[in-house]
Amino acid sequence: MILHLVPLAVLGAESAVADEAEPKICECIGDKCGSGVFLPLFSGEHSWNDGLRAVLYFLGLIWCFMGVAIVSDVFMSAIE
């Protein structure tokens, strides 16, 4: 009943024209690959081994969490 009021994009329907124009973020069509906001960092990164990319992304994630932990520790020391 109410479904006819919900836009099709909300339900997951996408137009075929948008799919053909640009590949999705993690999809490659020939030489053209999708690009996210931050990742992939390099233009040829899609050709790297997935295991290597996973390890590098994990190390980057740990690096960021360590930075947040250090800043949080300094902040907590300052307000004690």
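Keep in mind the model is a prediction, meaning the values are calculated, not measured.

Enquirer: So what exactly am I meant to see when it comes to the overall build of the protein here?
Expert: Scanning the protein from terminus to terminus reveals two helices and two strands. If you list the helices and strands of the protein from N to C, you get α-β-β-α. The buried share among the 80 residues of the protein stands at 5%. Summed over its atoms, the accessible surface of the protein is roughly 7200 Å², and 71% of this surface lies on carbon and sulfur atoms.

Enquirer: Would you explain the side chain of Arg53 in this entry?
Expert: Among the secondary structure elements, Arg53 is positioned in helix H2 (residues 50–79). The class of Arg53 is buried, set by a relative accessible area of 19%. Apart from residues no more than four positions distant in its own chain, Arg53 is found in contact with Glu45, His46 and Trp48.

Enquirer: Just to check I follow, could you spell out H2 for this structure?
Expert: The end-to-end C-alpha distance of H2, which contains 30 residues, comes to 43 Å, matching closely the 44 Å that a straight helix rising 1.5 Å per residue would cover. Between the side-chain oxygen at the start of H2 and the backbone nitrogen of Gly51 there is a gap of 3.3 Å, and the oxygen is on Asn49.

Enquirer: Before we go on, may I ask you to explain the confidence of the model for the protein in this structure?
Expert: Predicted coordinates in areas of low pLDDT are best not read in detail. Confidence in the prediction of the protein, expressed as mean pLDDT, is 75, and 54% of residues score 70 or more. Mean pLDDT across the elements of the protein ranges from a minimum in helix H1 (residues 16–21), with 54, to a maximum in H2, with 94.

Parameters at a glance
Residues numbered from 1 in each chain as written. Predicted model: local features only at pLDDT ≥ 70, side-chain atom pairs only at ≥ 80, totals over all residues. Heavy atoms only, no water. Helix = DSSP H or I, 4+ residues; strand = E, 2+ residues; numbered from the N terminus. Buried < 20%, exposed > 50% of the residue type's maximum accessible area, 1.4 Å probe, protein only. Areas by Shrake-Rupley, 256 points an atom, 1.4 Å probe, with all protein chains shown as cover. Contact = heavy atoms within 4.5 Å. Expected span 1.5 Å × (residues − 1). Polar contact = N/O pair within 3.5 Å; in protein donor to acceptor, adjacent residues only side chain to side chain. pLDDT = per-residue confidence, 0-100.

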